[in-house]
Amino acid sequence: MRAMVISGGGSKGAFAGGVAQYLIQELNYKYDLFLGTSTGSLLISHLALENIKKIKEIYTSVNQESIFSNCPFIIQKKYGVENIAIDHWNVLKNFYRGSKTFGESHNLLQLIKNTLSVEEFEILKKGPKEIVVTVSNLSLNQVEYKSINDCTYEEFCEWIWISCNYTPFMSLVRKDGCEYADGGLGNMVPIEEAIKRGATEIDAVILQTETTLFNRMPSKNAFALMTSMFAFMLDRIEHQNIRIGKYVAKHNGAIINFYYTPVVLTTNSLIFNKEKMTAWWESGFNFAKYKNIETSQLEITQD
């Protein structure tokens, strides 16, 4: 059984889309299982349908307005570098309404419903492929995996949305009596879960470099500090997930093909820029192409 696993990574998901496009369209890989966390969960349904052109157009066109119904930050650009600063009015407005988070992301839920139709959902549910998204259950202190096979259309769209909700900047969702948030808070790279579900070969797209290639600049404000702290924690979770995945794969005879980003794409994945994301998509496609060419050449040399 072959599986595709896509990690979390916000706007960097465009790179994963490019990698997946090459593997599916050029190498004709057929996947039995698609498993995504956060931004990865947005991609996997369309990748399973092989609607590459559609998801590329949608994914590289999103912006803050597409995602946030109440955006808690503003983007400041200085010397060509984009940073975020708190939008005091929007944050106060959110707290006045009784929200537990700085911002709200209900526009993203509507975008998911607008781009994944009921008909497409039914095709996937009746088909042989399994689509699974990762969510974090904060009430029960556990990670949960939601399969399309166990959901109605409305439920599955909500689980995709929940998987992407990067709290406390985005919505905290109460569902089935529990509070849920971004799947990346528990499992950024669900390789272990893919193996548990029977995967014997996994193409894992990791939306960060294999080794640390930068030092973060000093934080300019409270929001920048918070995003840096969360990025640090999520990086640690991701490294742990990969180590566990490698261990489980070794003991189950599974093969993992890793696709890391070759360079640092961004230090703030909450900023969505059409030009940059389009370039990252192409970068992912080209990276997957050259990585597989090098692998083929190495195998020929060894033979």
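The structure this text deals with has already been given above.
Residues numbered from 1 in each chain as written. Predicted model: local features only at pLDDT ≥ 70, side-chain atom pairs only at ≥ 80, totals over all residues. Heavy atoms only, no water.

A. Inspection of the pattern of salt bridges at higher detail. In the structure shown here, the tally under the stated rule is twelve salt bridges. Among the ionic pairs, aspartate 203 bridges to arginine 2, the shortest N-O distance being 3.0 Å. Placement of the pair is aspartate 203 in strand β9 (residues 201–206) and arginine 2 in strand β1 (residues 2–6), with a sequence separation of 201 residues. Here the two residues aspartate 203 and arginine 2 agree in accessibility, since each one is buried. Between arginine 197 and glutamate 130 there is a salt bridge, and its shortest N-O distance comes to 2.7 Å. Here arginine 197 is found in the loop between α9 (191–196) and β9, whereas its partner glutamate 130 is found in strand β5 (residues 130–137), with 67 residues between them in sequence. Assessed through its relative accessible area of 26%, arginine 197 is described here as partly exposed. Where salt bridges share partners, they join Arg2, Glu201 and Asp203 into one cluster. (Salt bridge = Lys/Arg side-chain N within 4 Å of Asp/Glu carboxyl O. Helix = DSSP H or I, 4+ residues; strand = E, 2+ residues; numbered from the N terminus. Buried < 20%, exposed > 50% of the residue type's maximum accessible area, 1.4 Å probe, protein only.)

B. Highlighting a nonpolar patch on the surface. Where nonpolar side chains cluster on the molecular surface, the patch consists of Leu225, Met229, Phe232 and Met233 and spans about 400 Å² of accessible area. Mapping methionine 229 onto the fold places it in helix α10 (residues 222–252). (Patch = residues over 30% accessible without salt bridge, like charges linked within 9 Å, V, L, I, M, F, W, Y side chains within 5 Å. Areas by Shrake-Rupley, 256 points an atom, 1.4 Å probe, with all protein chains shown as cover.)

C. Region of interest: the pairing of β5. In terms of burial, β5 is largely enclosed, as eight of its eight residues are buried. With burial as the criterion, each face of β5 is covered, one bearing Glu130, Val132, Thr134 and Ser136 and the other bearing Ile131, Val133, Val135 and Asn137. Two strands pair when backbone bridges link them, and strand β2 (residues 33–37) and β5 are joined in this way by five bridges, in the parallel orientation. The residue bridging phenylalanine 34 from the neighbouring strand is isoleucine 131, located in β5. Relative to strand β6 (residues 142–147), β5 runs antiparallel, the two being bridged by six bridges. From the neighbouring strand, valine 135 faces β6, where its bridge partner is glutamate 144. What sits between the antiparallel neighbours β5 and β6 is a turn of four residues, in which asparagine 141 has the positive phi angle 60 degrees. Both β5 and strand β8 (residues 178–182) contribute to a ladder of three bridges, which runs antiparallel. Of the residues in β8, the one forming a bridge with valine 135 is aspartate 182. (Pairing = 2+ DSSP bridges.)

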